[in-house]
Amino acid sequence: MTTSLPTTQKSLRWIRVGDTNPFEWSTSAPVVQPSELGDNQVLIENHAVSINPVDYKMAAYNFANTNLPAGIGFDLSGRIVAVGKKVQNFTVGDEVFGFLNLKSDNGGGAFQQYTVADTDALAKKPKGVSHEDAATLGVAFLSAMDGLRQVNIDSTTTVFVPGGSGGVGHFAVQIAQIRGAKQVIASASKDDGIAILKEKYHVNDVINHGKENVVDRVFELTQGQGVNIVFDSTYLQSSFEKSTQVVKEGGSWIVLGSFGQEGSPESNSVAQRKANLVHADLARYWLGPERAELNTFAHGALIQAAKWIEDGKLKPYINKIIQLEDAENAINLVKQGKAGFGKVVVKIL
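The paragraphs below set out a description of the structure included in this document. (Residues numbered from 1 in each chain as written. Predicted model: local features only at pLDDT ≥ 70, side-chain atom pairs only at ≥ 80, totals over all residues. Heavy atoms only, no water.)

1. What about the pairing of strand E10 (residues 205-208)?
Consecutive residues of a regular strand have side chains that alternate between opposite faces of the sheet. Residues Asp 205 and Ile 207 line one face of E10 and the alternating positions Val 206 and Asn 208 line the opposite face, and both faces are buried. With four bridges connecting them, strand E9 (residues 183-188) and E10 associate as parallel partners. Within the sheet, the bridge partner assigned to Ser 187 lies in E10 and is Ile 207. As a crossover connection, the stretch from E9 through helix H5 (residues 191-199) into E10 is right-handed. (Buried < 20%, exposed > 50% of the residue type's maximum accessible area, 1.4 Å probe, protein only. Helix = DSSP H or I, 4+ residues; strand = E, 2+ residues; numbered from the N terminus. Pairing = 2+ DSSP bridges. Right-handed = clockwise from strand over helix to strand, strands pointing away.)

Spelled out as structure tokens, the structure:
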């Protein structure tokens, strides 16, 4: 059973690879019809989607080898309106949220009214979680979970999160707290971000990395010991140079994406500290050898996130809710570092 579907839709289309004008707004992009779905795919009517740095990075480099034109955007929450022949765990009418395939041709991409999704990284949305909150939990939350699930955290653990006011960072801070870390230290550069970390997320130790010496302050806050875990969520070499200096011998330094490759300055610095380098890289699940693990990891983590939200333990920070027509401008603001604390959500329905 399917509902009657339009054949065209509003969509932010990815039309060229590069930094300059990779996107084009369309009011007549195609809607994939139920008969065109793959066996393990669903068609989702999008209610809310969110923006991540991977949106502009994918547009610039096309590391998924996506055929253009295509959709873009990888976080969504909405309602299933059609299912493929072999889909067993989802049905038409289910409200779902999750993380889309990074290869976004053939109807993928979140910044549109209807999206084709593989079921590997979807979960059913509980009624107690809004579409807006659920839409924040794809790339950013799963990246934070992917890094922190590879390390031990208990009541003796100290954690430092550079970039604690960002999308990944503010989730990493909360996951460390939920898992019972002894001390969570974060850094941010803007006064409002520092205030939110302290007041909303109860992080006592927040370093202003624009004004303070990060290395000195971390050692001060840990009585000269350094920390067991660093989760550097900044994507910045200038931050890596500092944060690699404060991880203890035997500790873990976590980095996002493709940073920290063998022979890189940050990799060498971590090795000199006799610490472990941990990669939080969601691309390896969709595009690499670990696709088989995607469903187990992502599905479980998304369900956990929703439960934490329902229990009041996890609080996504949405600094702005915008319309679909404004998505391209918002992506550019994220690229320029001007999007503010936490997440920007696009409300579609």
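From this point on, the discussion continues.
2. Things to note about the packing of helix H3 (residues 139-148) against helix H10 (residues 291-310)
Between H3 and H10, the shortest axis-to-axis distance is 10 Å and the interhelical angle comes to 110°. Relative to H10, the element H3 is oriented roughly perpendicular. Side by side, H3 and H10 meet where Phe 141, Leu 142, Met 145 and Asp 146 of the first sit next to Phe 297, Ala 298, Ala 301, Leu 302, Ala 305 and Trp 308 of the second. A per-class count over the contact of H3 with H10 returns nine nonpolar, no polar and one charged. (Axes fitted to C-alpha atoms, helices over the stretch in contact; angles between N-to-C directions. Parallel < 35°, antiparallel > 145°, perpendicular 65-115°, else oblique. Contact = heavy atoms within 4.5 Å. Nonpolar A, V, L, I, M, F, W, Y, C, P; charged D, E, K, R; others polar.)

3. Remarks on the packing of aromatic side chains
Geometry of an aromatic ring pair is reported as the spacing of the ring centres plus the angle between the planes. Evaluation of the coordinates by the stated rule reveals nine aromatic pairs. Taking the centre distance of 6.1 Å and the plane angle of 5° together, the rings of Tyr 201 and Phe 341 count as stacked. Here the residue Tyr 201 occupies a position in the loop between H5 and E10, and Phe 341 occupies one in the loop between helix H11 (327-335) and strand E15 (343-347), the gap between them amounting to 140 residues. Summarising the burial analysis for this pair, Tyr 201 and Phe 341 share the class buried. Aromatic side chains Phe 240 and Trp 253 sit 5.3 Å apart centroid to centroid with 90° between the ring planes, which places their arrangement in the edge-to-face category. Here Phe 240 is found in helix H7 (residues 237-243), whereas its partner Trp 253 is found in strand E12 (residues 247-256), with 13 residues between them in sequence. Residue class for Phe 240 comes out buried when judged on its relative accessible area of 1%. Cluster of aromatic residues (ring-pair linked, three or more members): Tyr 235, Phe 240, Trp 253 and Phe 259. Stacked on the ring of Tyr 235, the Lys or Arg Lys 57 has its end atom at 3.3 Å from the ring centre. Its guanidinium or amino end placed over the ring of Phe 297, Arg 149 lies 4.1 Å from that ring's centre, counting from NZ or CZ. (Phe/Tyr/Trp six-rings, centres within 6.5 Å; stacked < 30°, edge-to-face > 60°. Lys NZ or Arg CZ within 6 Å of the ring centre and 35° of its normal.)

4. Observations regarding the sheet that holds E10
In any sheet, the strands associate via hydrogen bonds between backbone groups, in a parallel or an antiparallel arrangement. Read from one edge of the open sheet, six strands run E10-E9-E8-E11-E12-E13, paired in parallel fashion. Taken across any chain shown, the strands that pair with only one partner, and hence form the sheet edges, are E10 and strand E13 (276-280). Geometrically, the sheet is characterised by an average inter-axis angle of 20° between neighbouring strands, direction not taken into account. Note: E12 against E13, five bridges, orientation parallel. Bridge pairing links Leu 256 to Ala 280 in E13. Across the sheet, helix H6 (residues 214-221) lies against strand E8 (158-162), E9, E10 and strand E11 (227-232), angled at about 165° from E10, the strand it touches most.

5. Regarding the nonpolar core
Judged by nonpolar contacts, the single largest core of 90 residues is most densely connected at Phe 111 and Phe 141. When residues in this core are grouped by element, the largest group, nine residues, is from H10. Once residues within four sequence positions are removed from consideration, Phe 111 is found in contact with Ser 11, Leu 12, Val 49, Ser 50, Ile 51, Asp 55, Ile 72, Gly 73, Leu 324, Ala 327, Ile 331 and Val 346. Core analysis: the next-biggest nonpolar cluster, separate from the first, contains 16 residues, Val 215, Val 227, Val 230 and Val 255 among them. (Core = buried A, V, L, I, M, F, W, Y, C linked by side-chain atoms within 4.5 Å.)

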